[in-house]
Amino acid sequence: MSTHVPFNALRPGVDAADVRAAIDRVIASGWFVLGPEVEAFEAEFAAASQVPYAVGVGTGTDAITLILRALDIGPGDEVITPPLSAAYSALAVMMAGARPVFADIDPARLTLDPHATEAAITSRTKAILPVHLYGQAADMRAFEGIAARHNLALIEDAAQAQLATFDGRAVGSIGIAGATSFYPTKNLGALGDGGAVITRDAQLAARIKRLRNGGQTSRYHHQEAGANSRLDELQAAILRARLPYLADWTKRRRAIAGRYRSASVPPSLSVPREFDAGHVYHLFPVLTSCREAFQAHCLVQGVETLIHYPVPIPRQPALAATNPAMCPVGDRVCAEIVSLPMYPALSDDQVSTVMGAFSSFVPPTR
Ligand SMILES: Cc1ncc(COP(=O)(O)O)c(C=O)c1O
């Protein structure tokens, strides 16, 4: 009987006592929204992200929306974004009142394609929103060039890429701002929803702090129509308890990825390349045109898999009204991609089980 390998494991593990102590501390304090835990977490997360400012918000989606709003990007404006991501990347653009415009992905890197991006620029384009997908940075050198040439804001969706680097530079510190998510499955996850904006720009950070809190400049004085999107004290305390583990957890993810990459690859499967040693392996996707059979084969061996993502964002009914451009590479990848289990608590035996399932796959004859 082989080892069972669930797709994820979200119950606190080595950090359980620290998480419990953090929860107890907040309960004892009697202070639950915008207090000392959020302030301390913002400073600690900014330092870990190698930027001067972090602003805790309600979700990663809100982080993107609030960056756009703080840059005065909204109705009538276009933001270029990839078809392959969590749909929230594009939904956040719509929540700001702007239109997401889809440029195709690079077939090897699986992130926004710089050439397609440049071709999608119009007079209404205000920002580029690359997504550092699966833990690997998009081609930020190319996007810095495009943003500078066309005078566009470069905003990084770093929800899946906490602590990732591009050519040694921390993601989120390259563009004007980065958005991250603390959704429980993320590399640094809360026990509920949470998100943050990271930036080097003091004015932008100050405006986002105002926007997350109803646009208030002082208590009950609303300067502008802000949102109500705050990271709460409990989640901030939990994230503070977990942040010291993140570097080790990232190392473990990389070690697991190294083992997966050492497995023999059957002809019907392919493994996307690692472009940057700063990859933090939020997910470990592989590609196959026999996905259903591969998932069934893995399950028989006790290995759970999931699909990130089955539907290209521009093909989502929710996007129909925005008249989105279709992206053929994104279409193909969404039809072939499948994620293997990837989280720090995987045991060496479980990793071996996944490798065995992966390497032994033989597609059914048609
Ligand atoms: C790439 C990406 N962007 C944005 C989001 C949105 O984050 P949240 O779920 O915290 O709103 C997620 C996670 O769902 C994501 O994976």
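The structure presented is a predicted model; accordingly, all values stated were derived computationally and were not measured. (Residues numbered from 1 in each chain as written. Predicted model: local features only at pLDDT ≥ 70, side-chain atom pairs only at ≥ 80, totals over all residues. Heavy atoms only, no water.)

### Here we look at the overall build of the chain
Summing up its helical and strand segments, the chain has 12 helices and 14 strands in all. Here the C-alpha radius of gyration of the chain, 21 Å, is about what a compact globule of 366 residues would show, namely 21 Å. Along the three orthogonal principal directions, the C-alpha set of the chain runs to about 65 × 55 × 35 Å. A burial count over the chain gives 55% of its 366 residues as buried. Look at the contacts in the chain between residues 6 or more apart in sequence, and 72% of them connect residues 24 or more apart. Working note: accessible area of the chain is about 15300 Å², and carbon and sulfur atoms make up 54% of it. Once the 32 positive and 34 negative side-chain charges of the chain are each reduced to a mean point, those two points are 1 Å apart. (Helix = DSSP H or I, 4+ residues; strand = E, 2+ residues; numbered from the N terminus. Rg over C-alpha atoms; globule rule 2.2 N^0.38 Å. Buried < 20%, exposed > 50% of the residue type's maximum accessible area, 1.4 Å probe, protein only. Contact = heavy atoms within 4.5 Å. Areas by Shrake-Rupley, 256 points an atom, 1.4 Å probe, with all protein chains shown as cover. Lys, Arg positive; Asp, Glu negative; His and termini not counted. Charge placed at Lys NZ, Arg CZ, Asp CG, Glu CD.)

### Observations concerning the domain arrangement of the chain
The accessible area lost on association of the parts is a frequent measure of interface size. Assigned domains within the chain: domain 1 (16–103 + 111–244) and domain 2 (245–359). Computed from C-alpha atoms alone, the centre-to-centre distance between domain 1 and domain 2 is 24 Å. At the junction of the two partners, domain 1 supplies 34 residues and domain 2 supplies 33 residues. A buried area of about 2800 Å², summed over both sides, lies between domain 1 and domain 2, and 63% of it is on carbon and sulfur atoms. A breakdown of the residues in the side of domain 1 that touches domain 2 according to their chemical character gives 21 nonpolar, eight polar and five charged. (Domains from an automatic or database assignment. Buried area = accessible area lost by both parts, 1.4 Å probe. Nonpolar A, V, L, I, M, F, W, Y, C, P; charged D, E, K, R; others polar.)

### A few points about the site of the ligand
Taken together, 15 residues sit near the ligand, with Gly60, Thr61, Asp157, Ser181 and Lys186 positioned nearest. Within the contact set of the ligand, an oxygen atom lies 3.2 Å away from a side-chain nitrogen or oxygen of lysine 186. Protein coverage of the free-state accessible area of the ligand, which is 380 Å², stands at 94%. Of all the elements in the fold, those that place two or more residues in the shell around the ligand are helix H3 (60–70) and helix H4 (88–95). Here the residues of the shell around the ligand are counted per class, giving five nonpolar, eight polar and two charged. (Near = heavy atom within 4 Å. Polar contact = N/O pair within 3.5 Å; in protein donor to acceptor, adjacent residues only side chain to side chain.)

### What about the pairing of strand S3 (residues 99–102)?
Alignment of strand S2 (residues 78–81) against S3, held across four bridges, turns out to be parallel. From the neighbouring strand, valine 79 faces S3, where its bridge partner is proline 100. Crossover S2 to S3 through H4 is right-handed. (Pairing = 2+ DSSP bridges. Right-handed = clockwise from strand over helix to strand, strands pointing away.)

### Notes on the sheet that holds strand S5 (residues 153–157)
The sheet built from seven strands is open, its strands ordered S1-S9-S8-S5-S4-S2-S3 with mixed pairing. On the outer flanks of this sheet lie strand S1 (53–57) and S3, each paired with one strand and no other. Strand after strand, the sheet turns through a mean of 30° between neighbouring axes, direction not considered. Sheet strands in contact with helix H6 (residues 140–150) are strand S4 (125–128) and S5, and its direction is about 150° off that of S5. (Axes fitted to C-alpha atoms, helices over the stretch in contact; angles between N-to-C directions.)

### Some remarks on the environment of histidine 222
Summarising the element assignment, histidine 222 is placed in strand S11 (residues 221–222). Between the C-alpha atom of histidine 222 and that of valine 280, which follows or precedes it by 58 residues, the distance is 40 Å. Not counting chain neighbours up to four residues away, the residues in contact with histidine 222 comprise Gly214, Gly215 and Gln216. Here the side chain of histidine 222 touches glycine 214 through a polar contact of 2.7 Å, landing on its backbone oxygen.

### Re the sheet that holds strand S12 (residues 269–270)
Here three strands make up an open sheet; going across it, the order is S12-S13-S14 and the pairing antiparallel. Sheet topology places S12 and strand S14 (337–340) at the edges, where each strand pairs with a single neighbour. Of the pairings in the sheet, the one linking strand S13 (residues 284–288) to S14 comprises four bridges and is antiparallel in character. Across the sheet, the residue bridging to leucine 287 is isoleucine 337, located in S14.

### Notes on the pairing of S13
S13 sits mainly inside the fold: five of its five residues count as buried. Both faces of S13 are covered, namely the face carrying Phe284, Val286 and Thr288 and the face carrying Pro285 and Leu287. When S12 meets S13, the two strands line up antiparallel, connected through two bridges. Paired with leucine 269 across the bridge in S13 is threonine 288.

### A closer look at the nonpolar core
In terms of nonpolar packing, the biggest core is built from 25 residues, with Ile67, Leu68, Ile73, Val79, Ala127 and Ile208 touching the most fellow members. Residue assignment for this core shows that the elements contributing at least two residues are S1, H3, H4, S5, strand S8 (177–181) and helix H7 (202–211). Residue contacts for isoleucine 73: discarding those within four places in its chain leaves Leu68, Val79, Ala96, Ala98, Lys126, Ala127 and Ala153. Of all hydrophobic cores here, the second largest spans 24 residues; its members include Val286, Val303, Leu346 and Phe358. (Core = buried A, V, L, I, M, F, W, Y, C linked by side-chain atoms within 4.5 Å.)

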